[in-house]
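# A closer look at the structure
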Amino acid sequence: GKYDEALDKYEDSLRIYKDVYGDDHEGVAASLSNIGSVYSSQGKYDEALELLEQALQIQLKTLDEDDEDVAESHDRIGLVFRGQGRLDAALEKHEKAFDSRRNKLGENHIVVALSRYHMALVHEQIGNLAEAKSLFLRCCEVYERVYG
């Protein structure tokens, strides 16, 4: 269905970016990341992780370490680790995304809250409920401030 259609389009974009720009271009990284996210949504975590890590390596060569695309890759890899039950690794990736976003965008930006939310979910799964609650409540404050 829709996943297959999305994969076809992302794979087409990957081929085009590689043909036009070569292997180490942020468009290639974006396409790999999008394909990896589809695989993650399908529960194909090993395939997703391989592509997301490739995307991150390209981004680290071509972008600043605090670029939003790099933070997004850390978050996406964290989601895959969480899906695999690798909660310590997931938390580490989400914290990396959070720190990068917070340093660049400040405490009250919506994408900073998203990384905080991802950390809260991992803490909840680990059983650190007090920390999860604190993080969830902070997310709510930001969402209320942004969306009213």
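You'll find the structure just up there.
In this report, the structure presented in the accompanying data block is examined. (Residues numbered from 1 in each chain as written. Predicted model: local features only at pLDDT ≥ 70, side-chain atom pairs only at ≥ 80, totals over all residues. Heavy atoms only, no water.)

## Looking at the packing of helix 2 (residues 26-41) against helix 4 (residues 68-84)
Contact pair helix 2 / helix 4: the axes reach a minimum separation of 10 Å and the direction vectors enclose 25 degrees. Relative to helix 4, the element helix 2 is oriented roughly parallel. In this structure, helix 2 meets helix 4 at a crossing whose hand is left-handed. Of the residues in helix 4, those touching helix 2 at Ser33, Asn34, Ser37 and Ser40 are Ser73, Arg76 and Val80. A per-class count over the contact of helix 2 with helix 4 returns one nonpolar, five polar and one charged. (Axes fitted to C-alpha atoms, helices over the stretch in contact; angles between N-to-C directions. Helix = DSSP H or I, 4+ residues; strand = E, 2+ residues; numbered from the N terminus. Parallel < 35°, antiparallel > 145°, perpendicular 65-115°, else oblique. Left-handed = near helix turned anticlockwise from the far one by under 90°. Contact = heavy atoms within 4.5 Å. Nonpolar A, V, L, I, M, F, W, Y, C, P; charged D, E, K, R; others polar.)

## With respect to the nonpolar core
Leu32, Ile35, Tyr39 and Ile77 are the most contacted members of the largest nonpolar core, which has 29 residues in total. Sorting the residues of this core by element identifies helix 1 (2-21), helix 2, helix 3 (45-62), helix 4, helix 5 (87-105) and helix 6 (110-126) as the ones contributing at least two each. Broken down by element, the residue count for this core peaks at seven residues, all from helix 3. Those residues in contact with Tyr39 that sit more than four places away from it in its chain are Leu7, Glu11, Lys44, Glu47, Ala48 and Leu51. (Core = buried A, V, L, I, M, F, W, Y, C linked by side-chain atoms within 4.5 Å. Buried < 20%, exposed > 50% of the residue type's maximum accessible area, 1.4 Å probe, protein only.)

## What to know about helix 2
In an α-helix, one turn spans 3.6 residues; hence positions three or four apart end up facing the same way. Look at helix 2: 22 Å from first C-alpha to last across 16 residues, which is about the 22 Å you get at 1.5 Å a residue. Among the 16 residues that make up helix 2, twelve are buried, leaving the element largely enclosed by the rest of the structure. Along helix 2, the residues that are buried comprise Gly27, Val28, Ala29, Ser31, Leu32, Ser33, Ile35, Gly36, Ser37, Val38, Tyr39 and Ser40. Packed against the buried residues of helix 2 are helix 1, helix 3 and helix 4. Downstream of helix 2 by a residue or two, Gly43 has a phi angle that is positive, lying close to 80 degrees. (Expected span 1.5 Å × (residues − 1).)

## Notes on the side chain of Ser31
Among the secondary structure elements, Ser31 is positioned in helix 2. According to the relative accessible area criterion, Ser31 is buried, its value standing at 2%. Not counting chain neighbours up to four residues away, the residues in contact with Ser31 comprise Tyr10, Ser13, Leu14 and Tyr17.

In short, shape yes, function no, at least from these values alone.
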